[in-house]
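What follows is each chain in one-letter form.
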Amino acid sequence: MKGYRRFIILGLALAAAAPASARSAIDDVMAGADGGGSEIKGPDYLECVPYARRLSGIRIFGDAHTWWDQAQGRYATGHRPRVGAVMAIPAYANSHLGHVATVSRIVDSRTILISHANWSPIEGRRGQVEDNVTALDVSPDNDWSEVRIWYAPIHNLGTTHWPVEGFIYNAKPGAVKDLGQSRLESVSGEDAATPVPASPPETEIKPTKKGRRSDPIGAIIAGTYR
């Protein structure tokens, strides 16, 4: 009896000494490749990494902020969007693990539609998918180094200027060249080999007959961008 009591006491002591944030391998798998955070993640919770991998066919694993470095020497990379490419955002602000999103359409030289997961809370829940929502280049030189991204709770672009490391293309290194600005302005959603099969929601930006918006940056400054 004394031995049994001693075993119970030892077990309680070990439990008390264990760190509160300890995670098991099962926890990591259930959390997805992006992992992290203390919120409850149900069966419909999806991280950005597995969704980007599914849409783009790019076989990179690990946290989103590691994708850009992992892609070097394995995939073609550049600084202009193409349909099917993955936009890589490093850890920044409240995004400690970075973010990846797949380009689903090019609207004009500063506007693209992206499909991604675990960005906006949808009906109060994170880990949800958003297909064909706007990302706007707000970099001074139109080089896609900073973007604003559609944020569902406010039904508009978020205010944060997210840094972008670049775009990862599902092709061998050196096989894809960056699109020049004039070429980018005329590219349609049929330009790339990996289209994203998603139905455009109400948030899709409709191009004009010339295939581009008039002045998205001016509209943002005026506070009228929708």
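The structure displayed is predicted, hence computed values, not measured ones.

## Quick word on the overall build of the chain
And step 1. The helix and strand inventory of the chain stands at 6 helices and 9 strands.
And step 2. Expressed as a percentage of its 226 residues, the buried residues of the chain come to 42%.
And step 3. Summed over all atoms, the accessible surface of the chain reaches about 12,300 Å², with 56% contributed by carbon and sulfur.

## Side note on the environment of Asn 118
And step 1. Mapped onto the fold, Asn 118 is located in the loop between strand E4 (111-117) and strand E5 (129-137).
And step 2. Separated by 69 residues in the primary sequence, Asn 118 and Val 49 have C-alpha atoms spaced 9.4 Å apart.
And step 3. The contacts of Asn 118, once residues within four sequence positions are left out, are Tyr 45, Leu 46, Glu 47, Cys 48, His 99, Arg 126, Gly 127 and Gln 128.
And step 4. Polar contacts involving the side chain of Asn 118 include one to the side chain of Glu 47, which spans 3.0 Å.

## Brief notes about unusual backbone geometry
And step 1. Even without being glycine, Trp 144 reaches a positive phi, approximately 60 degrees.
And step 2. Mapped onto the secondary structure, Trp 144 falls in the loop between E5 and strand E6 (146-151).
And step 3. You will see that His 155, though not glycine, has its phi angle at about 55 degrees, which is positive.
And step 4. Looking at the element boundaries, His 155 is found in the loop between E6 and strand E7 (156-157).

Rules used throughout
- Residues numbered from 1 in each chain as written.
- Predicted model: local features only at pLDDT ≥ 70, side-chain atom pairs only at ≥ 80, totals over all residues.
- Heavy atoms only, no water.
- Helix = DSSP H or I, 4+ residues; strand = E, 2+ residues; numbered from the N terminus.
- Buried < 20%, exposed > 50% of the residue type's maximum accessible area, 1.4 Å probe, protein only.
- Areas by Shrake-Rupley, 256 points an atom, 1.4 Å probe, with all protein chains shown as cover.
- Contact = heavy atoms within 4.5 Å.
- Polar contact = N/O pair within 3.5 Å; in protein donor to acceptor, adjacent residues only side chain to side chain.

This is a description of form; function is not addressed.
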